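# Analysis of the macromolecular model
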Amino acid sequence: MTRPRRRLSSQARREALLVAAREEFSRRGYYLTQMEHVAAAAGVSKALVYQHFPSKDELFAEVSAQVVDTFVARLPDVLGDSRDALTAWRGAVGLLVDLVEDNPHAWTLVARHLADPHLGGVLRGMRERLTEIFAGLLAGFYEPEKAGSDHPPEQVLRAATLTVQQLIGALQSLLSWWLEHPEVPRAQVEASAVEFGWLGLDRLRRGEHL
């Protein structure tokens, strides 16, 4: 005897559609994903998808916002015990590695659409938030005798912002590569990212220049 399908609540159905959409946008990209793809992945009709999300634009925006909100919500815990810049950097790397490991579809969605000027607005908000937080932390840990006394605070912050942008770009490339090479252990990827970033950061914050 066939059991009747359990009817999901409206909120549960919406969450299921967001999960399906995240996977489809991650796999196909925004432009090739159609609402019928999301419907098929969720096992519902296209009409039901439209009941919850009037357009593909709105669906993508909500999927992106969910990814960003989930990530940003974890930042306070990561940074709360950061007694120095290295601890903060380890926490940032660990959080990004967690995102790749726990939800590769979310990471692929970010990496795939971040640079698109028509789609990446919400996602760029996450990058800007990370830049603001870690540039502020880094600037606060510059050696005062070599940086703070010779340069005004706004100049130090600007230098830190440029450095953090480069590090975020490097991390994005490394973690996207890791998704294609899952045989590489997490610990090795994480250690490599922490050392690559910190060895440069530490020399810069002590005032060393070419």
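Preceding this section is the structure that the text describes.
In this report, the structure presented in the accompanying data block is examined. (Residues numbered from 1 in each chain as written. Predicted model: local features only at pLDDT ≥ 70, side-chain atom pairs only at ≥ 80, totals over all residues. Heavy atoms only, no water.)

## Some thoughts on helix α6 (residues 85–102)
Here α6 contains 18 residues, and its C-alpha end-to-end distance of 25 Å stays within 8% of the 26 Å for a straight helix at 1.5 Å per residue. Among the 18 residues of α6, 13 are classified as buried, and the element is accordingly described as predominantly covered. (Helix = DSSP H or I, 4+ residues; strand = E, 2+ residues; numbered from the N terminus. Expected span 1.5 Å × (residues − 1). Buried < 20%, exposed > 50% of the residue type's maximum accessible area, 1.4 Å probe, protein only.)

## So, the packing of helix α4 (residues 56–73) against helix α7 (residues 104–113)
Between α4 and α7, the shortest axis-to-axis distance is 10 Å and the interhelical angle comes to 115 degrees. With respect to their mutual orientation, α4 and α7 come out roughly perpendicular. Between α4 and α7 lies a crossing whose hand is left-handed. Contacts between α4 and α7 involve Phe60, Val63, Ser64 and Val67 from the first element and Ala106, Leu109, Val110 and His113 from the second. For the contact of α4 with α7, the class distribution of residues is 6 nonpolar, 2 polar and no charged. (Axes fitted to C-alpha atoms, helices over the stretch in contact; angles between N-to-C directions. Parallel < 35°, antiparallel > 145°, perpendicular 65-115°, else oblique. Left-handed = near helix turned anticlockwise from the far one by under 90°. Contact = heavy atoms within 4.5 Å. Nonpolar A, V, L, I, M, F, W, Y, C, P; charged D, E, K, R; others polar.)

## Considering the pattern of salt bridges
Under the defined criterion, the tally for this structure stands at 8 salt bridges. Linking Arg14 and Glu62 is a salt bridge whose minimum nitrogen-to-oxygen distance equals 2.7 Å. Taken together, the positions of Arg14 in helix α1 (residues 10–28) and Glu62 in helix α4 put the pair 48 residues apart, joining distant regions of the chain. Since its relative accessible area comes to 22%, Arg14 is described here as partly exposed. (Salt bridge = Lys/Arg side-chain N within 4 Å of Asp/Glu carboxyl O.)

## Considerations on helix α10 (residues 153–180)
Spanning 28 residues, α10 covers 41 Å between terminal C-alpha atoms, matching the ideal 40 Å at 1.5 Å per step. Of all the positions in α10, only Val156, Ala160, Thr163, Val164, Leu167, Ile168, Leu171, Gln172, Leu175 and Trp178 are classed as buried.

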